[in-house]
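# Topology and contacts: notes
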2 protein chains.
Amino acid sequence: MKKALIAALSIALFFSAKASAQQNLFISQDIESAIVAEDGSVTFNLIAPKARKVQIAGDFAGVKAEADHVAGLVGAGMIDMTQDKDGMWTYTTAPLPPELYSYTFIVDGVSVIDPNNPHAYRDFATLSNVFIVGGGRADLFKVNKVNHGTLHSCWYPSSMGYDRRMNVYTPYGYESSKQKYPVLYLLHGMGGDEDEWVRFGRTCQILDNLIAQGKAKPMIVVMTNGHTAMEAAPGESSLGYYKPHYFESGTMDGEFESIFMEIVNYVDKNYRTIAKKDSRAIAGLSMGGFHSAHISANNPDAFGYVGLFSAALGVTDPSISPIYQDMENKVVNQFAKGVKLYWTGIGNEDFLYNSNKEFRAMLDSHNLKYTYLETSGGHVWTNWRIYLSEFVPLLFK
Amino acid sequence: MKKALIAALSIALFFSAKASAQQNLFISQDIESAIVAEDGSVTFNLIAPKARKVQIAGDFAGVKAEADHVAGLVGAGMIDMTQDKDGMWTYTTAPLPPELYSYTFIVDGVSVIDPNNPHAYRDFATLSNVFIVGGGRADLFKVNKVNHGTLHSCWYPSSMGYDRRMNVYTPYGYESSKQKYPVLYLLHGMGGDEDEWVRFGRTCQILDNLIAQGKAKPMIVVMTNGHTAMEAAPGESSLGYYKPHYFESGTMDGEFESIFMEIVNYVDKNYRTIAKKDSRAIAGLSMGGFHSAHISANNPDAFGYVGLFSAALGVTDPSISPIYQDMENKVVNQFAKGVKLYWTGIGNEDFLYNSNKEFRAMLDSHNLKYTYLETSGGHVWTNWRIYLSEFVPLLFK
């Protein structure tokens, strides 16, 4: 190899690397955006000289998603960015409390991902950018220099007639030891799938950090897909890349709950689990809380720990499925058989607040002991990350 | 639970699900985009009544990424969309050949992700949307109803002083059997990281499909991060979410190659591998091809199979590292010790075409037997997916 070639190739390689990264023709602007300052203030930047109006829609903007967005009111609660003379739009927030935040830009009325923040997660049919303001509980959501577990994206054979995808977190040391571990089954909401708890839920980070701090026992976490008609999350199944729609198929019809134990059996067979009730927990958010309540009540010998996060309790038309029938007696029976922990949490602005209150009143009427955490806010990830990080340290003690 | 509550809650739950999905305030438009028709034509849609110009930048648009994008010529090779009277911008392509394509929209000069296609992958610092036109080789890139392997996103202890992240594909049956498997180490390019082959590379899908068709042996594929200064891909490390820049730290300085065998040792210890040369392959694209050539030549007893995909050959200043010194003799020695397959492929428009030609001439001058595939096109994913799907069936036979 000729030495003369080296310098030329190095330069070429530099440009090629740029070209390679940009072969997808997305031209990155040479600026940063969502810059988190030390005081927790965050600066957003966008070069858009031809735009007439640029706004930020973020969950730090004091917008109540439930109220505003059910009605689809784009523009409600948006923050206007200001344009400098070079066409750069900017906005800096006041110092924000520690949290994982999400946002998009609205450029002349069109919701777009910040082209200078390559980090965005899909939640149901849409992407939004993310950033973290560290400190306090939000440090649990970060990747820290601690021992890390493994995330397995894998498939199990389902009695639905096709394989179905799930995500399995195994704690640090799983690969190199012969140890057996307890298992938490962690279920998503109606708009979610098996990837939901991995992305906005920050499950791997929360578990890594709580385990490293000695606050949680090493455990396996199984994140399944609660829509039985789906093989996998959109884009991960044989349907290819598509935009999901609600209610394309039955989702709270008792089917998922009735065949759930096939997942437990698969996990017990293929992972080194402690395959008994007191080493098994089930929890979920919204529809996943509804699933958790019904699966655990219908399998009273299976789960020693139950977590209902903003659970969609009370949406129970018993005629839909035998799984939903006679729930009150099933729960009484479940407690009689022994529950180590029955945990429930909800935000005081959650639209499910009253149905949860009613469910707790039912538990109270039978003198059934549960743990209850009421937080501020509504039916949002902020609360679900709190609930997960409060629930996990209580497990398998 | 009162029956009267049920209907109300069902309705509330419906809206809540929408609110929940949209809590991130990204308002999805009620249209589809990147709709692939049966003839392979693709229709893009965007509601942007206030926009003055909307374009598509896609790798199906005949744009030469290397030529145009090194210079940052936004607008070169873009396709104009047309606006109807309701403000909806649309464009339908001619039937496209089977392939995984990527694109973004350019709205009044700003590159944005299609808000109606929730599927986008990050490549280096930018996101772009994806879709697949099926048929032919592109069917290998799809999730099909075949047995699926598992993707492990995991961490290994590095002599760099911190744990480093990698992705490990294990074939279908790995969890439920005691079988040992051969291993392919698959390395990324300069702008990439451990996630690159998983996303645009479609490694899990290509392996699942080739194995299901009986065209490839079940094997483990290890996808590492070739930038030793990085713990993990941007957003997956303790640096948090950030926008990556090139050349922040040494990347082709011999360090990765010199400590690579620690990864092999870790994998052999923690996965059920056949830990011998003829059951071990190494391949990579661009910088990863450069790494593969040097790692295999410096460890002539370690790898029976070598794959150089558009490899950055010839960028070897021997003074940088002993790893790069005396390469010609090392390669001669490597062949003398026995190589089952030395595979190299490049596109006829690749900027590395000539340095690859020179490398092959060096091999020829010593009568060293290699397999060579020349394709059309440049330094792009289209070629790297071809090379992977040609290379894998030749392994471990």
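Here's what I pulled together on the structure shown here. (Residues numbered from 1 in each chain as written. Chains lettered and ligands numbered in written order. Predicted model: local features only at pLDDT ≥ 70, side-chain atom pairs only at ≥ 80, totals over all residues. Heavy atoms only, no water.)

### A short note on the overall build of chain A
Let me state the cut-off plainly: A run of DSSP states H or I qualifies as a helix once it reaches four residues; a run of E qualifies as a strand once it reaches two. Both are numbered from the N-terminal end. For the exposure calls, accessible area comes from a 1.4 Å probe over protein chains only, and a residue counts as buried if that area is under 20% of its type's maximum, exposed if over 50%, partly exposed in between. When checking whether two residues touch, look at their non-hydrogen atoms; a contact exists if any pair is within 4.5 Å. Shrake-Rupley sampling with a 1.4 Å probe provides the accessible areas, and residues are treated as covered by the protein chains on show and by no other component.
Within chain A one finds nine helices and 18 strands. Across the 397 residues of chain A, 63% fall into the buried class. For chain A, long-range pairs separated by at least 24 residues make up 75% of all intrachain contacts whose partners lie at least 6 apart in sequence. Just so you have it, chain A exposes about 13800 Å², and 52% of that area is on carbon and sulfur atoms.

### So, the sheet that holds strand 2 (residues 42-47) of chain B
Residue and element names in this part refer to chain B. Using the following cut-off: At least two bridges found by DSSP between two strands is the condition for calling them paired.
Strand order in this open sheet of four strands is 1-2-6-5, and the pairing throughout is antiparallel. Because the sheet does not close on itself, it has two edges, and the strands there are strand 1 (35-36) and strand 5 (82-83). In this structure, strand 1 lies alongside strand 2, joined through two bridges in antiparallel fashion. For Val36, the partnering residue across the bridge sits in strand 2 and is Val42.

### Re the pairing of strand 12 (residues 163-170) of chain B
All names here are of chain B. In terms of residue burial, strand 12 counts as a mostly covered element, since seven of its eight residues are buried. Taken together, the eight bridges between strand 11 (residues 150-157) and strand 12 define a ladder with antiparallel strand orientation. What sits directly across from Ser153, in strand 12, is Asn167. The hairpin formed by strand 11 and strand 12 contains five residues between the paired strands, and Gly161 there has a positive phi angle of roughly 105°. As paired elements, strand 12 and strand 14 (residues 220-223) share three bridges and run antiparallel to each other. Bridged to Val168 within strand 14 is Val222.

### A few points about the packing of aromatic side chains
Aromatic rings considered in pairs are described by the distance between their centres and by the relative angle of their planes. To keep things clear, this is the line we draw: Put simply, two rings from Phe, Tyr or Trp (the six-membered ring, in Trp's case) pair if the centres are within 6.5 Å, and we call them stacked under 30 degrees between planes, edge-to-face over 60, tilted for the rest. Here, a charge over a ring is recorded when the distance from Lys NZ or Arg CZ to the ring centre is within 6 Å and its angle to the ring normal is within 35 degrees.
If you walk through the whole model with that rule in mind, you get 61 aromatic pairs over all chains. Aromatic pair Tyr156(A) and Tyr266(A): ring centres 6.2 Å apart, planes at 45°, arrangement tilted. Here Tyr156(A), found in strand 11 (residues 150-157), pairs with Tyr266(A), found in helix 5 (residues 261-270); they are 110 residues apart in sequence, far enough to count as distant. No difference in accessibility class separates Tyr156(A) from Tyr266(A), as the two residues are buried. An aromatic cluster of three or more residues is present, and its members are Tyr121(A), Trp197(A), Phe200(A), Phe309(A), Trp343(A), Trp381(A), Trp384(A), Tyr387(A), Phe391(A) and Tyr241(B). For the cation-ring pair, Arg360(A) lies above Tyr372(A), with the distance from its terminal atom to the ring centre recorded as 3.7 Å. A cation over an aromatic ring shows up here: Arg385(B) above the ring of Phe141(B), its NZ or CZ 5.2 Å from the ring centre.

### Comments concerning the side chain of Ser321(A)
All names here are of chain A. Note the threshold: Polar contacts, as counted here, are pairs of nitrogen or oxygen atoms within 3.5 Å of one another; within protein the pair requires one atom able to donate a hydrogen and one able to accept it, and residues that are adjacent in sequence qualify only if both atoms are side-chain atoms.
Among the secondary structure elements, Ser321 is positioned in the loop between strand 16 (305-309) and helix 7 (327-337). Classification of Ser321 by relative accessible area gives buried; the value is 6%. Within the local environment of Ser321, its side chain forms a polar contact with the backbone nitrogen of Ile323, the two atoms lying 3.0 Å apart.

### Quick word on unusual backbone geometry
Residue and element names in this part refer to chain A. The phi dihedral of Arg202 falls on the positive side, at around 55°, and the residue is not glycine. Positive phi, normally seen in glycine, also occurs at Asp326, with a value near 65°. Tracing the chain through its elements places Asp326 in the loop between strand 16 and helix 7. With a relative accessible area of 48%, Asp326 lands in the partly exposed category.

### Side note on the sheet that holds strand 1 (residues 35-36) of chain A
Residues and elements named next belong to chain A. The four strands lie next to each other as 1-2-6-5, forming an open sheet whose pairing is antiparallel. The sheet is open, and its two borders are formed by strand 1 and strand 5 (82-83), each paired with just one other strand. As paired strands, strand 5 and strand 6 (residues 88-92) are joined by two bridges and run antiparallel to one another. Its bridge partner lying in strand 6, Gln83 is registered against Trp89.

### Structural notes on the packing of helix 6 (residues 287-298) of chain A against helix 7 of chain A
Residues and elements named next belong to chain A. Quick note on the threshold: Angles here are taken between N-to-C directions and fall from 0 to 180 degrees, while the axes themselves are lines fitted to C-alpha atoms, restricted in helices to the stretch in contact. Note that the term roughly parallel is reserved for angles under 35 degrees, roughly antiparallel for angles over 145, roughly perpendicular for angles of 65 to 115, and oblique for everything else. Each crossing gets its hand from how the near helix is turned against the far one by less than a right angle, where anticlockwise is left-handed and clockwise is right-handed. Three residue categories are used. Nonpolar comprises Ala, Val, Leu, Ile, Met, Phe, Trp, Tyr, Cys and Pro, charged comprises Asp, Glu, Lys and Arg, and polar comprises the others, including Gly.
As a packed pair, helix 6 and helix 7 sit with axes 8 Å apart at the nearest point and diverge in direction by 65°. One finds that helix 6 runs roughly perpendicular with respect to helix 7. For helix 6 against helix 7, the interelement crossing comes out left-handed. When helix 6 is examined against helix 7, the residues Ala293, His294, Ser296, Ala297 and Asn298 are found in contact with a partner set consisting of Met327, Lys330, Val331 and Gln334. Here the residues of the contact of helix 6 with helix 7 are counted per class, giving four nonpolar, four polar and one charged.

### Description of the pattern of salt bridges
Stated precisely, the cut-off is as follows: One side-chain nitrogen of Lys or Arg within 4 Å of one carboxyl oxygen of Asp or Glu is enough to make a salt bridge.
Tallied over the full model, the rule gives 22 salt bridges over all chains. The salt bridge partner of Lys337(A) is Asp301(A), with a shortest N-O separation of 3.3 Å. Here the residue Lys337(A) occupies a position in helix 7, and Asp301(A) occupies one in the loop between helix 6 and strand 16, the gap between them amounting to 36 residues. Using a relative accessible area of 44% as the deciding quantity, one classes Lys337(A) as partly exposed. Lys85(B) is the partner of Asp86(B) in a salt bridge, and the nearest nitrogen-oxygen pair spans 4.0 Å. Taken individually, Asp86(B) and Lys85(B) each receive the classification exposed, so the pair is uniform in this respect. Here the salt bridges do not stand alone but share partners, grouping Arg165(A), Glu194(A), Asp195(A), Arg199(A) and Glu236(A) into one network.

### Thoughts on the state of the cysteines
Note on terminology: a disulfide is the covalent bond linking the sulfur atoms of two cysteines. This is how the line gets drawn: Pairs of cysteine sulfur atoms within 2.5 Å are what we label disulfides.
Counted according to the given criterion, the structure contains zero disulfides over all chains. Free of any disulfide, Cys154(B) has its nearest neighbouring cysteine sulfur in Cys204(A), separated by 12 Å. On the accessibility criterion, Cys154(B) (1% relative accessible area) is buried.

### A look at helix 5 of chain A
Three or more residues of helix 5 of chain A are buried, namely Glu262(A), Ile263(A), Val264(A), Tyr266(A), Val267(A) and Asn270(A). Residues of helix 5 of chain A that are buried make contact with strand 11, strand 12 (163-170), strand 13 (183-187), strand 14 (220-223), helix 4 (255-258) and strand 15 (280-285) of chain A.

### Quick word on helix 3 (residues 203-212) of chain A
Residues and elements named next belong to chain A. With nine of 10 residues buried, helix 3 is to be regarded as a mostly interior element. By the burial criterion, the buried members of helix 3 are Thr203, Cys204, Gln205, Ile206, Leu207, Asp208, Asn209, Leu210 and Ile211. Its buried side turned inward, helix 3 meets strand 11, strand 12, strand 13, strand 14 and helix 9 (381-391). In the segment just after helix 3, Gly214 is the residue with positive phi, at about 75°.

### Description of the environment of Ala361(A)
Residue and element names in this part refer to chain A. With respect to the helices, strands and loops of the structure, Ala361 is situated in helix 8 (residues 353-365). For Ala361, a relative accessible area of 40% translates into the label partly exposed. Considering only alpha carbons, one finds Ala361 and Tyr266, 95 residues apart in sequence, at a separation of 36 Å.

### A short note on a positive patch on the surface
Applicable threshold: Only residues whose relative accessible area exceeds 30% and that take part in no salt bridge are eligible for patches, with like-charged residues grouped when within 9 Å of each other and nonpolar side chains (Val, Leu, Ile, Met, Phe, Trp, Tyr) grouped when within 5 Å. Under the counting rule used here, the positive set is Lys and Arg, the negative set is Asp and Glu, and His together with the chain ends is not counted. Lys charges are placed at NZ, Arg charges at CZ, Asp charges at CG and Glu charges at CD.
A contiguous patch of positive charge on the surface is contributed by Lys50(A), Arg52(A), Lys53(A), Lys50(B), Arg52(B) and Lys53(B). Here Arg52(A) is to be found in the loop between strand 2 (42-47) and strand 3 (54-58). Here Arg52(A) falls in the partly exposed class, since its relative accessible area comes to 49%.

### Concerning the nonpolar core
We apply this condition: Among the buried residues, those of types Ala, Val, Leu, Ile, Met, Phe, Trp, Tyr and Cys that are joined through side-chain atoms within 4.5 Å form a nonpolar core.
If you look at the biggest cluster of nonpolar residues, it comprises 42 residues, and the most contacted ones within it are Phe44(A), Phe131(A), Phe44(B) and Phe131(B). Apart from residues no more than four positions distant in its own chain, Phe44(B) is found in contact with Ser33(B), Ala34(B), Ile56(B), Phe60(B), Met81(B), Trp89(B), Thr90(B), Tyr91(B), Thr93(B), Tyr103(B), Phe105(B) and Phe131(B).

### Some remarks on the side chain of Asn383(A)
Relative to the helices and strands, Asn383(A) resides in helix 9. According to the relative accessible area criterion, Asn383(A) is buried, its value standing at 2%.

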